Amino acid sequence: MKIQILRPFGPSISKIEIPKEIISTLNNYIDQIIIDKNKSSELDHGANLAGNVKQEFRIEEDLLRSSGFHDLLFKGVKKWIEISENKNVTKFNILSSWVVRQFENEYNPIHFHNGHVSGVGYLKLPENFGETVQSNKKSNLNGHLSLIHGNRMFNSSSMFNVKPKEGDFYFFPNYMMHTVFPFYGPGERRSISFNANIDQEIYNVYG
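Quick caveat: nothing in here was measured; it's all calculated off a predicted structure.

Draft legend 1. Representation of the overall build of the protein chain within the structure. A count of helical and extended segments in the protein chain gives five helices and 11 strands. For the protein chain, the C-alpha radius of gyration of 17 Å lies close to 17 Å, the compact-globule estimate for 207 residues. Across its three principal directions, the C-alpha atoms of the protein chain cover 45 × 45 × 30 Å. Across the 207 residues that make up the protein chain, the buried fraction comes to 48%. Pairs at least 24 residues apart make up 79% of the contacts formed inside the protein chain by residues separated by at least 6 positions. Of the accessible surface of the protein chain, which amounts to about 11200 Å², a share of 48% is contributed by carbon and sulfur atoms. Charge-centre separation for the protein chain: the mean point of 23 positive side chains lies 6 Å from the mean point of 22 negative side chains.

Have a look at this one:
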């Protein structure tokens, strides 16, 4: 597994790539749920999440395992913690996994997750995220994920902005605050996320 460890501030973040066959399996499954109103209603997860978006629904455990996505997440977390902390993760219990379908003008406010570790990856994206109002003066953060930690200080950033790319998946600690900016124009920004517990003795640094 190719993995990249990022340290824009205190806690580390890691990045891997979702194999194309897993993306295809997940998207096919999601597309079927979208057209099945009963299934969409059964799996609706919006009340449990922070997003102001069109549709959010949970992913069933059977699909997580049969698609290979569960194993991919476990291997990614294991490698991330091994490199960052020099510790061996032996327990990996996914508490929840869900899909967010975001469309024009929708957003995800600043929030954090439960569990020990979390992550988000991208399954489908618009052709572009639209222009800023002051297009020649400001960085275009439309549709970006912003990970937030601590305060902005000399020689220390407090935000790490991620421009989504299909197949990219990022892991981060559950407590890390984050938000998703709205975008403008046609298309769907489709992401998949998870929360999981790992070995308590690794997560609990206070003993």
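Draft legend 2. Focus on the side chain of N27. Note that N27 resides in helix α1 (residues 20-35). In contact with N27, other than residues within four places in its own chain, are L123 and R190.

Draft legend 3. Region of the structure containing α1. Between the first and last C-alpha of α1 there are 23 Å, a value that for 16 residues agrees with the 22 Å anticipated at 1.5 Å per step. Every buried residue belonging to α1 is among I22, I23, L26, N27, Y29, I30 and I33, and all of these are buried. In a view along the axis of α1, the buried residues occupy a sector of 165 degrees, so they form one face of it. Within α1, the exposed residues directed more than 90 degrees away from the buried face are K20, E21, Q32 and I35.

Draft legend 4. A look at the environment of M1. Counting through the fold element by element, M1 comes out in the segment before β1 (4-6). For the pair M1 and G76, spaced 75 residues apart in the sequence, the C-alpha separation amounts to 7.8 Å.

Draft legend 5. Local environment of the sheet that holds strand β8 (residues 159-162). Here we have four strands laid out as an open sheet, ordered β5-β10-β7-β8, and antiparallel in their pairing. The sheet terminates laterally at β5 (108-111) and β8, the two strands that pair on one side only. Each neighbouring strand pair of the sheet contributes to a mean axis angle of 15 degrees, computed without reference to strand direction. Pairing geometry for β5 and strand β10 (residues 177-180), over two bridges, is antiparallel. Within the sheet, the bridge partner assigned to N108 lies in β10 and is V180.

Quick notes on the rules
Residues numbered from 1 in each chain as written. Predicted model: local features only at pLDDT ≥ 70, side-chain atom pairs only at ≥ 80, totals over all residues. Heavy atoms only, no water. Helix = DSSP H or I, 4+ residues; strand = E, 2+ residues; numbered from the N terminus. Rg over C-alpha atoms; globule rule 2.2 N^0.38 Å. Buried < 20%, exposed > 50% of the residue type's maximum accessible area, 1.4 Å probe, protein only. Contact = heavy atoms within 4.5 Å. Areas by Shrake-Rupley, 256 points an atom, 1.4 Å probe, with all protein chains shown as cover. Lys, Arg positive; Asp, Glu negative; His and termini not counted. Charge placed at Lys NZ, Arg CZ, Asp CG, Glu CD. Expected span 1.5 Å × (residues − 1). Arc of directions from axis to C-beta. Pairing = 2+ DSSP bridges. Axes fitted to C-alpha atoms, helices over the stretch in contact; angles between N-to-C directions.

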